[in-house]
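# Descriptive analysis of the structure
Residues per chain are reported as follows:
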Amino acid sequence: MLSRLATSTLSRLALTVPRTPLSRSLISLSVRTSSTLPPSSHRNLSSASAAPHYHDFPEPIGFEVVSPRPVESSNAFPSILITGDEELIAKGSFAEAQKAFIDPDPQAVSSLSEGMEAANVGIVAHFYMDVELQSVLQAVPNQKRVKISDSLVMGDAAVSMCRDGASAICVLGVDFMSESVKAIMTKNGYGHIPVYRADERKIGCSLAESAENLSYGAWLTKASQEKDTNPLHVIYINTSLETKALSTNIVPTVTCTSSNVLQTMLQSSLQIPELSIWYGPDTCMGYNLQTMFEKVLKHWSDEEIKQKLHQEHDRKSIQKLLNNLHVYPSGNCVVHHMFGKECVETVQSQYPDAFVSAHLEVPGEMFEIAMEASLDDKGVVGSTSDILNFITKKVEEAAVEIQKTGQVGGEKKNLQFILGTEAGMVTSIVSNVKRVLASNPAAKDFVTCEIIFPVASDAVMVDSESEFGISPGVSGGEGCSTAGGCATCPFMKMNELDKVVDICQAIADGKSESLTGLHPPKRLEGKFINGRPAVEVGVDSILHMRHLMSEGKFSEDLVKEVVERSAANAN
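As annotated in an unreviewed UniProt entry, the protein chain carries the name quinolinate synthase and is attributed to Triparma laevis f. longispina. Taken from UniProt, the Cofactor (unreviewed entry) comment for the protein chain reads in full: "[4Fe-4S] cluster". Of the protein chain, the UniProt comment under Pathway (unreviewed entry) reads exactly: "Cofactor biosynthesis; NAD(+) biosynthesis; quinolinate from iminoaspartate: step 1/1."

As structure tokens, then:
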């Protein structure tokens, strides 16, 4: 077993990728650490708030044991402890702010539920929504009209609600999400059903906007001029429909998500001869994938690659893929980009026994410690859904074990999880953990789950006059840090509960015309690209992704387009 982030040797590499479906893969890779890193200089976010006393729990029915002994936990980062009796214990001002809204206000739930029913509205929301908003949404009785998910699922959920009779859809996320949902609804025959955002202002995204500058277009133009390869642009879903359309016009493009980006690269390299992949705009994710392929080549045989990665690949094909994988160098997410060196040092020194999760968008430092942790099934790298599923699985395993065997010695097991992504996910995590513990009554008194927010003391605060709506400064409760981590997305938090209730009320009162400012962006409306509606061109890359997810391979039309356009550009 590897030493916990002290001097360690790279003795093995294990990449676990479930074959069906590959897109749900958990990446498990080892990394080398040459020396023990120094402890972080981060101070406690809330020095005035002392660590809570974890009270004694009642004895479980059916077991004769001594009273559980309280667990100890570091105070370096704020955290929320989820107990078997459904109590939440917060440490640090940031965690206190999250905890305050996890249990929804019944009046707020009633108000939203009544409004949704009166307006016949369906709501699709991203995992990164405000904790209060997510908690209320989870408590709405008619869950057929509510879906909290990652961006890939939002469009499908909206279509399902339309089929169920919804008269309008409210999209809670950033602008590219409402735009994509509207496009998918239109493609499925529901373009007549209105889609609303929760704010008349632009709800931006630093990552999406990094693909809207001239340098991204120039980078793609370079790709289109490749002489010896057939270029394919693999674009992250967190981009606008306009970016997807303009990109498709320059070079054949397919959309990907953090759940299926690996499958996208592996499958396209099999189907398209002499392929070169141009991945953007998420620089961190691209570099992390390059690192992963390098370690596969360094430590795996052909047989291991076929068994653990893809049955039609071997060392030669992976090397060729890596040699022809180009990553856009200047794109990042304001949240994930800040999980940097200082944050990692604190995780290593203060939380040696914690499970480490990291979204694929995080910088290399956090990505690498999550990969190392995953060697012993102590971590996960993946999408928001992957992280949620991993935490749920680990709590379930611990609860089932105690349920079967009883707890020896009265020691309580506290499972700690470093949440290497946006803090809004804590709402769904708390919900899942409570469900698991409630279904294992003998274990609920002996298993706790602590969600740790890797937030540093030097924070950024909301600033409506700055380009991105935030600026460096002391902590204002937003939980961001220019040095260590950023736990909340200021753009996602523009979606507010009161505004959603107001939208429902306006629709129910027959005043939908007052909501025109809440429609998704219409930058492509009335525009054409090579004689085709620009919106259709933008959707093409999403449809290519959907074909891969449903059929396990890309369409022959895409393969033909890549080869023929490359040949035409070469002449």
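Back to the write-up after that little detour.
In this section: the sheet that holds strand E2 (residues 88-91). An order of E2-E1-E14-E13-E11-E12 is seen for the six strands of this open sheet, with the pairing classed as mixed. Unpaired on one side and paired on the other, E2 and strand E12 (379-382) mark the two borders of the sheet. Sheet twist, expressed as the average angle between the axes of neighbouring strands with direction ignored, equals 15 degrees. Strand direction decides the pairing type here: strand E11 (residues 355-359) and E12, joined by four bridges, are parallel. The residue of E12 that forms the bridge with Ser357 is Val380.

Of all seven residues in strand E7 (residues 230-236), seven are buried; the element is thus mostly enclosed. Burial along E7 is two-sided: Asn230, Leu232, Val234 and Tyr236 and Pro231, His233 and Ile235, pointing in opposite directions, are all buried. Pairing of E7 with strand E9 (residues 275-280) involves six bridges; the strand directions are parallel. Opposite Ile235, over in E9, you have Gly280 as the bridge partner.

Within the secondary structure, Ser317 sits in helix H12 (residues 315-323). Between the C-alpha atoms of Ser317 and Asp302, which are 15 residues apart in sequence, the distance is 9.8 Å. Here His313 takes part through its side chain, which lies 2.7 Å from a polar atom of the side chain of Ser317.

Below, the discussion takes up the packing of helix H8 (residues 241-250) against helix H18 (residues 534-551). Where H8 meets H18, the axes come as close as 7 Å, and the angle between the chain directions of the two elements is 85 degrees. One way to sum up the angle between H8 and H18 is to call them roughly perpendicular. Here Leu241, Lys244, Ala245 and Thr248 of H8 lie close against H18, whose contacting residues are Ala534, Val535, Val537, Gly538, Val539, Ser541 and Ile542. Of the residues assigned to the contact of H8 with H18, the class counts are seven nonpolar, three polar and one charged.

Rules of the game
Residues numbered from 1 in each chain as written. Predicted model: local features only at pLDDT ≥ 70, side-chain atom pairs only at ≥ 80, totals over all residues. Heavy atoms only, no water. UniProt positions renumbered as here; feature names shortened; annotations may be inferred. Pairing = 2+ DSSP bridges. Helix = DSSP H or I, 4+ residues; strand = E, 2+ residues; numbered from the N terminus. Axes fitted to C-alpha atoms, helices over the stretch in contact; angles between N-to-C directions. Buried < 20%, exposed > 50% of the residue type's maximum accessible area, 1.4 Å probe, protein only. Polar contact = N/O pair within 3.5 Å; in protein donor to acceptor, adjacent residues only side chain to side chain. Parallel < 35°, antiparallel > 145°, perpendicular 65-115°, else oblique. Contact = heavy atoms within 4.5 Å. Nonpolar A, V, L, I, M, F, W, Y, C, P; charged D, E, K, R; others polar.

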